[in-house]
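Below, each chain spelled out in residue letters.
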Amino acid sequence: MQTEIEIKFFVANDVAPALSNLMNLLDIKEASQQRLGNVYFDTPDLALRRLEIGLRIRRCDEFAEQTIKCRGQVVGGLHARPEYNAPIDGDLPTLTAFPDDIWPTLAERDRIQQQLIAQFRTDFLRRHWLIAFDGAEIELAWDQGEIVGSLGSSRIDELELELKSGDTAALFALAGRLAKLGGVRLGAQSKAQRGYQLAGLGKPLARQALTDDKAMSDTAAIGEGLRHWQHHEQLWLESRGNNEVQQQAFTALCEGVALIERRATGVTAPWRPQLISLQAHLAREERQNDHWPADLSALFLHPDYVALQLAIAAWLHQTAR
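Because the structure is a prediction, the values reported are computed rather than measured.

Draft legend 1. Seen up close, the side chain of S190. Topologically, S190 is positioned in the loop between β10 (184-186) and α5 (191-198). Setting aside chain neighbours within four positions, we find S190 in contact with K8 and R81.

Here it is, written out as structure tokens:
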């Protein structure tokens, strides 16, 4: 088992020239590209989904590997989750290849095995670089392709940083360099989550209630605020053409930002001045002379906005250690 620690960005604009310039400044140990085909499996009643387990077979040329990703944590754009890999020859995963203790019972594992079916697929070109950075080794992958399910397809254009060795501080530092490219934003949704929706098996995004419990620690409340903020940022983007839902999403996003600001008064938070600036901007009607872009689509891609979310996520990760 390994614990996958990565930061994911969704790419909205053409970042190729700026990324190329950045790569010329970095210490690149390896570089390659592969065409990857992935099929994701579950039972008709979504037993794996309920267990928060993702199961796929990935193929590249003549090589095939089955992977299970278990429940983990997503803080900001930082994903940390246990991952198990095993080679495979056939077209259907073999669950006995994975540790027994990840299943509620072996009988449940065997029941799932008997009912596995393919649910959706992802196909993409992965460009890969292994980078030595601040005493760490970090893998940068640029995935471009599509997710295909029974309800249609969706574009994949993602940059992922995965920590291979070293401290997560280096991971966040390199992520900060990517944020400055512009045209990217932090992503909390995995390819599997998007795939379940395209297969008609996932719940559509909707407004969520904010948990603002005074009994929560400041750190826990700030984490809840960031989750709420980013969830409703995604909801706003997915609700183009529906002004009512977009307004609800914007209101909820502001609630998340406000919760972080309130609880940041009780901790040492070097990012608080930037947060106060953003909060004031979101509350204004006249923003033409403001530091932040007035249009939300542009704001979500603004390097300082992305850097602020990264700084909060890095602080949360460091505080939890």
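Structure shown, so let's carry the discussion forward.
Draft legend 2. Structural view of the pairing of strand β4 (residues 63-69). Counting buried positions over the 7 residues of β4 gives 5, a clear majority of the element. As paired strands, strand β3 (residues 54-60) and β4 are joined by 7 bridges and run antiparallel to one another. The residue bridging L55 from the neighbouring strand is I68, located in β4. As consecutive antiparallel partners, β3 and β4 are separated by 2 residues, and within that stretch D61 has a phi angle of approximately 55°, a positive value.

Draft legend 3. Fine view of the pattern of salt bridges. Under the counting rule described, the total for this entry stands at 25 salt bridges. Note that E158 is salt-bridged to R194, the shortest N-O span being 3.1 Å. On the criterion of sequence distance, the pair formed by E158 in strand β9 (residues 152-165) and R194 in helix α5 is long-range, its members being 36 residues apart. Here E158 matches R194 in class, with each residue buried. Residue E233 pairs with R185 through a salt bridge whose shortest N-O separation is 3.2 Å. Of this pair, E233 sits in helix α6 (residues 218-238) while R185 sits in strand β10, and the two are 48 residues apart along the sequence. The same class applies to E233 and to R185, which are both buried.

Draft legend 4. Focus on helix α4 (residues 168-179). In this model, α4 (12 residues) spans 16 Å end to end at C-alpha, consistent with the 16 Å of a helix rising 1.5 Å per residue. Here α4 has its buried residues at T168, A170, L171, F172, L174, A175, L178 and A179. If you check the start of α4, you find a side-chain oxygen 2.8 Å away from the backbone N of A169, and it comes from D167.

Draft legend 5. Molecular detail of the environment of K203. Tracing the backbone through its elements, the reader meets K203 in the loop between α5 and α6. Residue K203 is classed as exposed on the basis of its relative accessible area of 74%. Note: C-alpha distance between K203 and Q193 (10 residues apart in sequence) is 9.7 Å.

Draft legend 6. Region of interest: the packing of aromatic side chains. As enumerated under the stated definition, the model contains 6 aromatic pairs in all. Note on Y40 and F120: the rings are 4.8 Å apart at their centroids and 15° apart in plane angle, and the pair reads as stacked. Pair noted here: Y40 is in strand β2 (residues 27-42) and F120 is in strand β7 (residues 117-133), with a separation of 80 residues, a long-range link. By relative accessible area, Y40 is classed as buried at 9%.

What counts and how
- Residues numbered from 1 in each chain as written.
- Predicted model: local features only at pLDDT ≥ 70, side-chain atom pairs only at ≥ 80, totals over all residues.
- Heavy atoms only, no water.
- Helix = DSSP H or I, 4+ residues; strand = E, 2+ residues; numbered from the N terminus.
- Contact = heavy atoms within 4.5 Å.
- Buried < 20%, exposed > 50% of the residue type's maximum accessible area, 1.4 Å probe, protein only.
- Pairing = 2+ DSSP bridges.
- Salt bridge = Lys/Arg side-chain N within 4 Å of Asp/Glu carboxyl O.
- Expected span 1.5 Å × (residues − 1).
- Polar contact = N/O pair within 3.5 Å; in protein donor to acceptor, adjacent residues only side chain to side chain.
- Phe/Tyr/Trp six-rings, centres within 6.5 Å; stacked < 30°, edge-to-face > 60°.

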